[in-house]
Amino acid sequence: MKVGIIGASGYTGSELLRILANHPEAEVIAASSRRYEGQKIWKVHRFLKGFYDLEFCSPELSNFGDCDLVFTAVPHGEAMKYVPQLLDSGIKVVDISADYRLDKETYEKVYGKKHEGYVEAVYGLTELHREEIKKSNLVANPGCYPTGTILAAAPLAKLELIERVVFDCKSGITGAGESPSAFTHYPNLHESIVPYKITEHRHYYEMVQELGRFQSDIKISFTPQVYPGSRGILTNAHVFLRGELTREELYRIYEEFYENSFFVRIQESVSLSQVRGSNFCDISIHPGEDRVVVVSAIDNLVKGASGQAVQNMNLMMGFDETLGLRTPPLFP
């Protein structure tokens, strides 16, 4: 495959470059950055020296005309400027922004902007939409929080067993992007955990959309927080059930739901240090007196972004979804 990346200078773009450097069937032939146009990739991403001699290009379509597939790793509202043209040129697209994750009406309400050139996409959570992704020319890569939360609750939602679920999530600071701000300033985060957008985070609507496909009356609450680490999202899903299930029944439900999903691992316990640098989502299940707590852990830059994007690319191009991604996590 000849692959392009529009927006390759940020965290998500550099993670795509890292993963694709060892992909046996993919060659990156174009990677854009307005800021670094004309500079060697490894001069900007020094950890990639020896892997790429390519220069950053502009995001003009002419630079991507020879690509079989293009990733759009640009800010929300920017992907819609490129995606329709790429599709018209016969190029498949995995969009890592939020531009195609929601229906047009919901997107415009949530993001407060008119969606130009709307095209219907398949939501790229592979474990839920594997067959649709295989047939699609446009896949909308999920948000990082929705990946961990939806995977934690989907097996129970499919059986319509959830009365309410409360997602308590903690993310590494790379989820905020590479541009520095007062929020990401070291003294403001060091030795602290900071909740933000406490009841109004945009990713909530992806959770409602996807879990609602299984259980239309599901009630969802979600609060994101940032902890002083670079990678990872830990989700505590407090699931209030309709009826009671034993620990054995719960584990059987999850094992059966994910039996064909290599990247979802059911564990006795999980931690961010056990998934770092990998495309895995680890899940553990803990029944309590009044609720079941389902804990999930992902690397927000891999399973929460670029790794999942490559997983989607593999399916779209007819390869095994694990190709180039069977990398054990980094530990410690």
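Just so it is clear, the model here is predicted, and its values are computed rather than measured. (Residues numbered from 1 in each chain as written. Predicted model: local features only at pLDDT ≥ 70, side-chain atom pairs only at ≥ 80, totals over all residues. Heavy atoms only, no water.)

### Some words on the sheet that holds strand β6 (residues 138-140)
Next, step 1: The parallel open sheet is built from 6 strands, whose spatial order is β2-β1-β3-β4-β6-β5. Whereas interior strands pair on both sides, the edge strands pair on one side only; in this sheet they are β2 (27-32) and β5 (122-123).
Next, step 2: Of the pairings in the sheet, the one linking strand β1 (residues 2-6) to β2 comprises 5 bridges and is parallel in character. Bridging from a neighbouring strand, Ile 6 pairs with Ser 32 of β2.
Next, step 3: Here helix α1 (residues 11-20) sits on the sheet in contact with β1, β2 and β3 (69-72), set at roughly 165° to β1. (Pairing = 2+ DSSP bridges. Helix = DSSP H or I, 4+ residues; strand = E, 2+ residues; numbered from the N terminus. Contact = heavy atoms within 4.5 Å. Axes fitted to C-alpha atoms, helices over the stretch in contact; angles between N-to-C directions.)

### Focus on helix α9 (residues 247-257)
Next, step 1: Residues of α9 that are buried: Leu 250, Tyr 251, Ile 253 and Tyr 254. Relative to the axis of α9, the buried residues are bounded by an arc of 155° and lie together on one face.
Next, step 2: Check the buried side of α9 and you find it contacts α6 (144-158), β11 (264-266), β12 (281-287) and β13 (292-298). (Buried < 20%, exposed > 50% of the residue type's maximum accessible area, 1.4 Å probe, protein only. Arc of directions from axis to C-beta.)

### A closer look at the pairing of β13
Next, step 1: Summarising burial for β13: 7 of the 7 residues are buried, a large majority.
Next, step 2: Taken together, the 7 bridges between β12 and β13 define a ladder with antiparallel strand orientation. Residue pairing for β13: Cys 281 is matched across the bridge by Ile 298.
Next, step 3: Hairpin remark: β12 followed by β13, antiparallel, with 4 residues in the connecting loop.

Note that every value here comes from positions in space, so none of it alone points to a role or purpose.
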